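Here are the chains, one letter per residue:
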Amino acid sequence: MMEIHSQSIAQLRDGLRRKEFSSEEVTRAFLKRIKSLDHLYNAFITIDEKEALAAAAIADQKIASGRNEVLTGIPIAHKDIFCTQGMKTSCGSKMLANFVPPYNATVISKFNDSGAIILGKTNMDEFAMGGSTETSFYGACFNPWNTKKVPGGSSGGSAAAIAALLAPGATGTDTGGSIRQPSSFCGITGLKPTYGRISRFGMIAFASSLDQGGPMAKTAEDCALLMNVMSGIDPKDSTSANKEKEDFSANLSQKLDGLKIGVTLKDCSANLDRDYQICLERALTQLEKLGAELIEISLPKNSLAVPTYYVIAPAEASSNLSRFDGVRYGYRCDNPENLLDLYTRSRSEGFGDEVKRRILIGTYVLSAGYYDQYYTKAQRIRRLIRNEYLSCLRDVDMIMGPTTAGPAFDIGSKSNDSISMYLEDTYTVGANLAGLPAISIPIGVINECPVGMQLIGRDFDESTLLNVAHQFQVATDWHLQSSVERDYA
Amino acid sequence: MSITPKQILEVSDLARIKIEREEVDLLTDKIREIISFVDKLKGTDTNEIEPLFNPLDAVQTLRADEITEIDESTKFLSIAPSVENNLFLVPKVID
């Protein structure tokens, strides 16, 4: 039998149903790996072993009496941005170092209802602002493929945990690429669903019109299982979409004959690493072999996506983060002299440098005299970007391109160069601005670091993205390659 | 027009974030760099283009005007940094 920690969520589910192992054994196996290995990666901020094992015992009783739900007994890691009742939720910040939410995010409640075990809370860039998981107050997270490299971010802890086989699956959030970029850097599969597909209630807000939670796992098949649990309208989130409940696993086996895939490689070729281009071209050949028709397309407006994003995201962040004032929860400075001092010192001491910088940029672009020049202008360009995607997606079923500019970069190499760090989002932010679903899946390894491809789909058509990703993974084994055997054989 | 240290201090005041005197110049340079990066948006003609505030142009869903929440103030007060008589405590505002 394959070792427990190497198994996918689907395999663990089947094994639990066949009683090959218990949920307690599964949970203990992952907790043991976290304890013995996470000092290398710093993928987790919080672990509650006692709670996890207590939940596993309940799951085992349910399995014994045949009352299984979709994920009964399977441990899942959650990005530390999702509020977990009774368990610290820090958002990677000193500001929330003492914050124990009195309620669950809807996503967490849905996982609890599905029988999943909360394995722990994963590391992330502070308030999800970053692409490297270096801005976390709890220390940087390291890429399991090469610990001198970043795991990507902001959901770097979730990606590293899956790549290091410390968790079979995890939740992430994606405001400008924070699920897809770390998935690419860590050789896993990550889906940013359509805006509104998954409730944002209890998911600490960064940029509300861009934020979207989503699944991260080894395979597209597992992402579909997690989507079945996570998605759905929520009366507590008025921006969640009123869509019929879908079974995202239902179409995975469909053949790709006749599927039209738009290819944007010409747009990107100047900025792409040559080895990465080879991986992308090889992936295209594979998709063609599977029956897809490739159609060259161009998205010239995408060159405006990063600057558009870096107006809208900080603007929304400056508004969202105004709630952290040292009064109702979170960090409060010592001995405030007056109310203004309480606000100012609590915020100045509680936030890290990148968060402060983005709040300042956001405040600037929203201030009198600049609002139309920056914020409204960016929202108009956002419509041009979305229109361009929609026009392409009338002719093709999805758009294929790179997820990132190349494999993971060195820790520290971009931390003092904001623009270079921001440009990391070049290929991913478009889907957030347009609200479209997008998935990243592994397609190769360059100098012992994985790279992914991105597929962007039509509104609410995650099903086709997962179908293509699954068919690709049935035909290839990039998603099965792991850093772990090499290090810990 | 390039952003000045004075503007950075005004913005930090609005954002209730204190910037140390010795940080002002460096931070101004950093933010100036980012602002000039986003300034490239100015070259795009957006006349007659409506802003897109919600990516799907969705409208706010309204629920029935019924009370569904229960009073959980005790729970929320229990995580506040400072509380007195079931109220959040802040430094004196009015003398």
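Structure: above.
In what follows, the accompanying structure is described.

Reading the values: the criteria
Residues numbered from 1 in each chain as written. Chains lettered and ligands numbered in written order. Predicted model: local features only at pLDDT ≥ 70, side-chain atom pairs only at ≥ 80, totals over all residues. Heavy atoms only, no water. Helix = DSSP H or I, 4+ residues; strand = E, 2+ residues; numbered from the N terminus. Rg over C-alpha atoms; globule rule 2.2 N^0.38 Å. Buried < 20%, exposed > 50% of the residue type's maximum accessible area, 1.4 Å probe, protein only. Contact = heavy atoms within 4.5 Å. Patch = residues over 30% accessible without salt bridge, like charges linked within 9 Å, V, L, I, M, F, W, Y side chains within 5 Å. Areas by Shrake-Rupley, 256 points an atom, 1.4 Å probe, with all protein chains shown as cover. Salt bridge = Lys/Arg side-chain N within 4 Å of Asp/Glu carboxyl O. Lys, Arg positive; Asp, Glu negative; His and termini not counted. Charge placed at Lys NZ, Arg CZ, Asp CG, Glu CD. Axes fitted to C-alpha atoms, helices over the stretch in contact; angles between N-to-C directions. Parallel < 35°, antiparallel > 145°, perpendicular 65-115°, else oblique. Nonpolar A, V, L, I, M, F, W, Y, C, P; charged D, E, K, R; others polar. Disulfide = S-S within 2.5 Å. Phe/Tyr/Trp six-rings, centres within 6.5 Å; stacked < 30°, edge-to-face > 60°. Lys NZ or Arg CZ within 6 Å of the ring centre and 35° of its normal. Expected span 1.5 Å × (residues − 1). Buried area = accessible area lost by both parts, 1.4 Å probe. Polar contact = N/O pair within 3.5 Å; in protein donor to acceptor, adjacent residues only side chain to side chain. Core = buried A, V, L, I, M, F, W, Y, C linked by side-chain atoms within 4.5 Å. Pairing = 2+ DSSP bridges.

## Considerations on the overall build of chain A
In step 1: The helix and strand inventory of chain A stands at 17 helices and 11 strands.
In step 2: Relative to the globule expectation of 23 Å for 489 residues, the C-alpha radius of gyration of chain A, 21 Å, shows essentially globular dimensions.
In step 3: Dimensions of chain A along its principal axes, counting C-alpha atoms only, are 65 × 55 × 45 Å.
In step 4: Buried positions account for 67% of the 489 residues belonging to chain A.
In step 5: Contacts spanning at least 24 positions in sequence make up 75% of the contacts within chain A whose residues lie at least 6 apart.

## Side note on a negative patch on the surface
In step 1: A cluster of like negative charges, contributed by A:Asp353, B:Glu20, B:Glu22 and B:Glu23, occupies part of the molecular surface.
In step 2: If you trace the backbone, B:Glu23 turns up in the loop between α1 (5–14) and α2 (24–38).

## Remarks on the pattern of salt bridges
Residues and elements named next belong to chain A.
In step 1: If you walk through the whole model with that rule in mind, you get 23 salt bridges over all chains.
In step 2: Ionic pairing is found between Glu 296 and Lys 266, a salt bridge with its closest N-O pair at 3.2 Å. Taken together, the positions of Glu 296 in strand β8 (residues 293–296) and Lys 266 in helix α8 (residues 265–268) put the pair 30 residues apart, joining distant regions of the chain.
In step 3: Note that Arg 328 is salt-bridged to Asp 325, the shortest N-O span being 3.7 Å.
In step 4: For Arg 328, a relative accessible area of 30% translates into the label partly exposed.
In step 5: Residue class for Asp 325 comes out buried when judged on its relative accessible area of 14%.
In step 6: A single network of salt bridges, built from pairs that share partners, joins Arg 197, Glu 246 and Glu 462.

## Observations concerning the environment of A:Ser348
In step 1: As for its placement among the helices and strands, A:Ser348 is situated in helix α11 (residues 339–350).
In step 2: Sequence-wise, A:Ser348 and A:Glu281 are 67 residues apart; in three dimensions their C-alpha atoms are separated by 48 Å.
In step 3: In contact with A:Ser348, not counting residues within four places along its chain, are A:Lys356, B:Arg16, B:Ile17 and B:Lys18.

## Observations concerning the packing of helix α10 (residues 305–320) of chain A against helix α12 (residues 353–366) of chain A
Residue and element names in this part refer to chain A.
In step 1: Where α10 meets α12, the axes come as close as 7 Å, and the angle between the chain directions of the two elements is 100 degrees. Overall, the two elements α10 and α12 adopt an arrangement that is roughly perpendicular. Here Tyr 310, Val 311, Pro 314, Ala 315 and Ser 318 of α10 lie close against α12, whose contacting residues are Arg 358, Ile 359, Ile 361, Gly 362, Thr 363, Val 365 and Leu 366.
In step 2: Among the residues forming the contact of α10 with α12, the class breakdown is eight nonpolar, three polar and one charged.

## A short note on the state of the cysteines
All names here are of chain A.
In step 1: According to the stated counting rule, one finds zero disulfides over all chains in the structure shown.
In step 2: In this structure Cys 186 is not part of a disulfide, and its nearest cysteine sulfur, from Cys 141, lies 7.2 Å away.
In step 3: On the basis of relative accessibility, which here comes to 1%, the residue Cys 186 falls in the buried class.
In step 4: Free cysteine Cys 449: the closest other cysteine sulfur is in Cys 186, separated by 9.1 Å.

## Considering the packing of aromatic side chains
The geometry of an aromatic ring pair is captured by two quantities: the separation of the ring centres and the angle between the planes.
Residues and elements named next belong to chain A.
In step 1: Counted by the stated rule, this structure contains 16 aromatic pairs over all chains.
In step 2: Here the aromatic rings of Phe 137 and Tyr 138 are separated by 5.2 Å at their centres, their planes lie at 85 degrees, and the arrangement is edge-to-face.
In step 3: A residue is classified by how much of its surface remains accessible, and Tyr 138, at 22% relative accessible area, is partly exposed.
In step 4: These aromatic residues form a ring-pair network of at least three members: Phe 99, Phe 127, Phe 324, Tyr 329 and Phe 351.
In step 5: The residue whose ring lies beneath Lys 243 is Phe 460, and the NZ or CZ to ring-centre distance is 4.5 Å.

## Brief notes about helix α16 (residues 462–475) of chain A
Residues and elements named next belong to chain A.
In step 1: In a regular helix each residue adds 1.5 Å, so 14 residues correspond to 20 Å; α16 covers 20 Å between its end C-alpha atoms and thus fits that length.
In step 2: Taken across its 14 residues, α16 has 12 buried, putting it largely inside the fold.
In step 3: All of the buried residues along α16 are Glu 462, Ser 463, Thr 464, Leu 465, Leu 466, Asn 467, Val 468, Ala 469, His 470, Gln 471, Phe 472 and Gln 473.
In step 4: Close packing links the buried residues of α16 with β5 (189–192), α7 (220–230), α9 (274–289), β9 (398–402), β10 (438–446) and β11 (449–457).

## Topic: the interface of chain A and chain B
In step 1: Contact with chain A, which involves 66 residues of that partner, is made by 48 residues of chain B.
In step 2: With both sides pooled, the region where chain A packs onto chain B buries about 5200 Å², and carbon together with sulfur makes up 71% of that total.
In step 3: Connecting chain A to chain B are zero salt bridges.
In step 4: For the pair chain A and chain B, the number of links is 14 residue pairs in polar contact (both at pLDDT 80 or more).
In step 5: For the side of chain A that touches chain B, the secondary structure elements donating two or more residues are α10, α11, α12, α13 (371–395), α14 (418–422) and α15 (429–434) of chain A.
In step 6: When residues in the side of chain A that touches chain B are grouped by element, the largest group, 13 residues, is from α13(A).
In step 7: The residue makeup of the side of chain A that touches chain B, split by class, is 35 nonpolar, 18 polar and 13 charged.

## What to know about the packing of α1(B) against α2(B)
Residues and elements named next belong to chain B.
In step 1: Interhelical geometry of α1 versus α2 gives an angle of 90 degrees and a closest axis separation of 9 Å. Between α1 and α2, the interaxial angle falls into the category roughly perpendicular. Across from Pro 5, Ile 8 and Leu 9 in α1, the residues of α2 making contact are Val 24, Asp 25, Leu 27, Thr 28, Ile 31 and Arg 32.

## Looking at the nonpolar core
The tendency in soluble globular proteins is for nonpolar side chains to be buried side by side.
In step 1: Core analysis: the largest hydrophobic core is formed by 169 residues, its most contacted members being A:Phe127, A:Leu287 and A:Met453.
In step 2: Element by element, the count of residues in this core is highest for α10(A), at nine residues.

## What to know about the pairing of β5(A)
Residue and element names in this part refer to chain A.
In step 1: A two-sided burial pattern is seen for β5, the buried positions comprising Thr 189 and Leu 191 on one face and Gly 190 and Lys 192 on the other.
In step 2: The pairing of β5 with strand β6 (residues 212–217) spans two bridges and is antiparallel. In the strand pairing of β6, Gly 190 is matched with Met 216.
In step 3: Bridge count between β5 and β10: three bridges; the pairing is antiparallel.

## Some words on the environment of A:Ala317
Residues and elements named next belong to chain A.
In step 1: Note on placement: Ala 317 falls in helix α10.
In step 2: By relative accessible area, which is 0% here, Ala 317 ends up buried.
In step 3: Sequence separation between Ala 317 and Leu 465 is 148 residues, and the spatial gap between their C-alpha atoms is 30 Å.
In step 4: Setting aside anything within four residues of it in sequence, one finds Ala 317 in contact with Met 129 and Phe 206.

Everything listed here is a matter of geometry and, on its own, says nothing about what the molecule does.
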